[in-house]
Amino acid sequence: MKFVPVLAGALLVALASSASAETLTIATVNNGDMIRMQKLTDDFTKDNPDIQLQWVTLEENVLRQKVTTDIATKGGQYDIITIGTYEVPIWAKQNWLVPLDKLGADYDVDDLLPAIRGGLSVDGKLYAAPFYGESSMVMYRKDLMEKAGLTMPDAPTWDFIRQAADKMTDRANGINGICLRGKAGWGENMAFLTAMSNSFGARWFDEKWTPQFDQPEWKDTLQFYVDMMKADGPDGASNNGFNENLALFQQGKCGMWIDATVAASFVTGKDSTVADKVGFALAPDKGLGKRGNWLWAWSLAVPAGSQKVDAAEKFISWATSKHYEELVASKEGWANVPPGTRTSLYNNPEYQKAAPFAKMTLDSINAADPTHPTVKPVPYVGVQFVAIPEFEGIGTTVGQLFSAALAGQSSVDDALKQAQDVTTREMQKAGYL
Amino acid sequence: MARAASTQRKVTVTIVAWVVALVIFFPILWTVLTSFKSEGDAINISHFFQTPWSIESYFEVQSRSDYFRHFFNSVIISVGSTLLALLFSIPAAWSMAFAPTSRTRDIMMWMLSTKMMPAVGVLVPIYLIFKTLGLLDNAWGLMIVLMLMNLPIVIWMLYTYFKEIPVDILEAARMDGATLGKELVYVLVPMAVPGIASTLLLNIILAWNEAFWTLNLTAANAAPLTAFIASYSSPEGLFWAKLSAASTLAIAPILVLGWISQKQLVRGLTFGAVK
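Residues numbered from 1 in each chain as written. Chains lettered and ligands numbered in written order. Predicted model: local features only at pLDDT ≥ 70, side-chain atom pairs only at ≥ 80, totals over all residues.

Colleague: Can you lay out the overall build of chain B for me, pointing to particular residues and giving the numbers?
Modeller: Helices and strands together make up the secondary structure of chain B, namely 14 helices and 0 strands. The helix and strand sequence of chain B, counted from the amino end, reads α-α-α-α-α-α-α-α-α-α-α-α-α-α. For chain B, with 275 residues in total, the buried portion stands at 34%. Long-range contacts, defined as pairs at least 24 residues apart, comprise 78% of the intrachain contacts of chain B with a sequence gap of at least 6. (Helix = DSSP H or I, 4+ residues; strand = E, 2+ residues; numbered from the N terminus. Buried ≥ 20, exposed ≤ 12 C-beta atoms within 10 Å, placed from the backbone. Contact = placed C-beta atoms within 7 Å.)

Colleague: Describe the nonpolar core, naming the residues involved and giving the relevant values.
Modeller: Across soluble globular proteins, nonpolar side chains show a tendency to be buried alongside one another. Of all hydrophobic cores here, the largest spans 185 residues; its most connected members are Ile80, Met139 and Met256 of chain A together with Leu158 of chain B. With 14 residues, the top contributor of residues to this core is helix 7 (residues 139-163) of chain B. Shared between two domains, this core takes at least three residues from each, and those domains are domain 1 (18-127 + 295-354) and domain 2 (135-294 + 376-429) of chain A. Leave out the neighbours within four places in its chain, and Leu158 of chain B touches Ser89, Ile90, Ala93, Gly195, Ile196 and Thr199 of chain B. (Core = buried A, V, L, I, M, F, W, Y, C linked by C-beta atoms within 7 Å. Domains from an automatic or database assignment.)

Colleague: Describe the packing of helix 10 (residues 216-232) of chain A against helix 19 (residues 412-429) of chain A, with residues and values.
Modeller: Residues and elements named next belong to chain A. Between helix 10 and helix 19, the least distance of the axes is 10 Å, while the angle of their chain directions is 135°. Put simply, helix 10 runs oblique to helix 19. As helix 10 runs across helix 19, the sense of the crossing is right-handed. The segment helix 10 lies against helix 19, with Trp218, Lys219, Leu222, Gln223 and Val226 engaging Val412, Ala415 and Leu416. For the contact of helix 10 with helix 19, the class distribution of residues is 6 nonpolar, 1 polar and 1 charged. (Axes fitted to C-alpha atoms, helices over the stretch in contact; angles between N-to-C directions. Parallel < 35°, antiparallel > 145°, perpendicular 65-115°, else oblique. Left-handed = near helix turned anticlockwise from the far one by under 90°. Nonpolar A, V, L, I, M, F, W, Y, C, P; charged D, E, K, R; others polar.)

Here you go:
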């Protein structure tokens with residue numbers, strides 16, 4: 001019977017050690033960089049044996065719904081959440097996020113790209129640390145451009161894009177001059193069209209929150225988009241989002257594609273049939289001082305309901321540090337380091353050599369300013385979105401109207417009139433007007 | 001002539017049935033086929049059958065996520081919620097079938113009407129209740145929610161089967177001195193086994209496929225196969241082969257169960273349909 005106290009003692013020790021270990025539940029999206037991080041966390045747990053990690057990976061729309069429910073009810077299911085630049089300013093103002101002020105002395109917060117940091121800060125306080133950042137840019141087929149007798153400038157205009165699209169279109173061989181997003185949604189076609197409208201001098205709202213779809217700048221934007229897509233875009237473009245266009249481009253069916261910079265590694269990757277023929281350029285402009293590119297960052301934040309704030313900040317500090325970049329580089333090469341967050345990465349000659357699209361990504365990110373996104377002044381933050389809670393609903397409804405215009409179900413004028421009406425109504429309901 | 005017309009009709013019906021069956025089955029077939037392709041070949045529809053087949057996606061899925069943990073959660077939640085539902089619905093269906101009142105019909109219609117409410121409408125209240133009771137990310141919590149969700153259908157199905165059982169047999173049992181509990185356990189349930197079995201199977205399938213509550217009320221510990229699939233979907237990146245492999249792994253167990261028990265299911269679902 002002597003073994004009973006021994007067993008009880010062992011049990012107590014085991015219980016005590018498991019009680020001292022903290023488990024962080026991390027909600028994240030399914031993309032290559034995040035999946036890679038999950039595989040590399042041994043480096044973190046080795047130095048922090050008292051912290052265990054538990055992952056919840058989800059498709060981003062499912063994740064947004066779950067995390068919003070949890071954070072709004074202070075459910076406390078997650079200790080770290082992955083959120084985008086749209087949510088950060090809204091949630092920070094609601095006091096749903098913990099300000100990140102314990103990231104450590106060697107974190108070097110000033111090294112974060114200013115455009116990205118600006119989008120994740122409220123009143124000068126950082127509420128989320130960027131894990132990877134992206135903008136949008138032009139990806140084009142160098143061979144088709146040459147065949148068309150044109151040279152893509154580093155910073156093209158919309159008129160050049162239209163001219164090139166017309167010349168590259170070769171319906172007989174299944175080549176569409178240009179592929180753009182048409183699928184309805186605030187993060188789908190409206191991300192592209194809102195960014196594009198910035199370069200045309202348009203804006204969602206004036207300084208008094210009056211919707212601006214009845215202004216000539218929006219008419220120019222939408223008419224240009226619909227005309228170009230009808231002449232040079234793929235069939236059924238109103239159903240195409242990122243993935244559909246990626247599939248078309250990878251199979252050599254697009255002359256140009258303007259979309260997220262993250263696509264660069266896909267179109268030059270092993271699954272692409274045109275990997276060695278792709279060139280990059282900045283998103284187009286109209287000579288008004290703003291380019292038609294967006295700015296997005298998937299960032300890590302601590303919800304206010306978490307009981308493990310210190311451990312959570314420690315992990316965030318690790319995952320978004322320079323050390324993590326070096327870790328990825330040592331294990332998987334510099335080309336696989338999460339892009340778009342730190343200035344030092346773009347000054348690193350090894351990274352410049354490994355990632356041919358590095359300079360274009362940095363220039364695209366620097367060309368976007370979430371705090372001054374448009375030619376005329378606006379009361380909101382956000383390049384391809386308006387950082388107010390009502391935008392998800394309004395943006396998706398307007399996206400449906402514009403998608404219908406692209407599909408030929410309504411005219412550009414009708415779509416804009418309805419967009420103006422519906423936005424005005426929603427803004428009145430929400431108390432802005 | 002009559003025979004010729006009848007043969008022609010049979011052939012037509014058979015062809016239509018095959019076409020409908022193939023149309024319904026095609027997405028599943030395509031998912032399974034896509035899961036054996038590389039990511040690049042999965043989107044290359046024009047040369048789909050010429051490109052090589054591989055099981056690489058299955059290895060990647062298994063190395064990235066713990067399939068068996070999600071699988072066991074799915075089994076526990078679907079079987080648990082079904083058993084709980086039967087526990088409540090057998091007495092309820094008994095009372096409605098054998099001791100109806102003038103309001104029974106209204107109650108049954110009201111129960112069915114609760115199915116018409118969109119689930120998202122009660123998400124926040126349920127979430128808050130779960131938070132207070134500590135049931136978030138907990139298999140028991142999901143069993144209760146799924147039981148409540150499927151209860152109207154289960155009661156309705158059992159009611160239909162119970163109505164087929166002659167009330168005289170139950171009365172005879174009572175005459176012999178059986179208590180209410182004994183009448184239920186030793187007389188009614190054994191006689192209604194085929195009906196209960198098909199209800200059980202259908203309820204397991206419904207609970208297995210439920211993707212709203214299982215996604216919203218779980219995080220890491222109680223996440224079933226629906227969360228496993230959702231982790232492979234992505235709006236930015238073509239991961240169709242891996243997504244298809246994850247989907248195939250998730251539906252395989254329930255597909256096998258459905259295949260084995262199809263006779264029971266069809267019999268149960270059409271029971272009492274022709275009178």
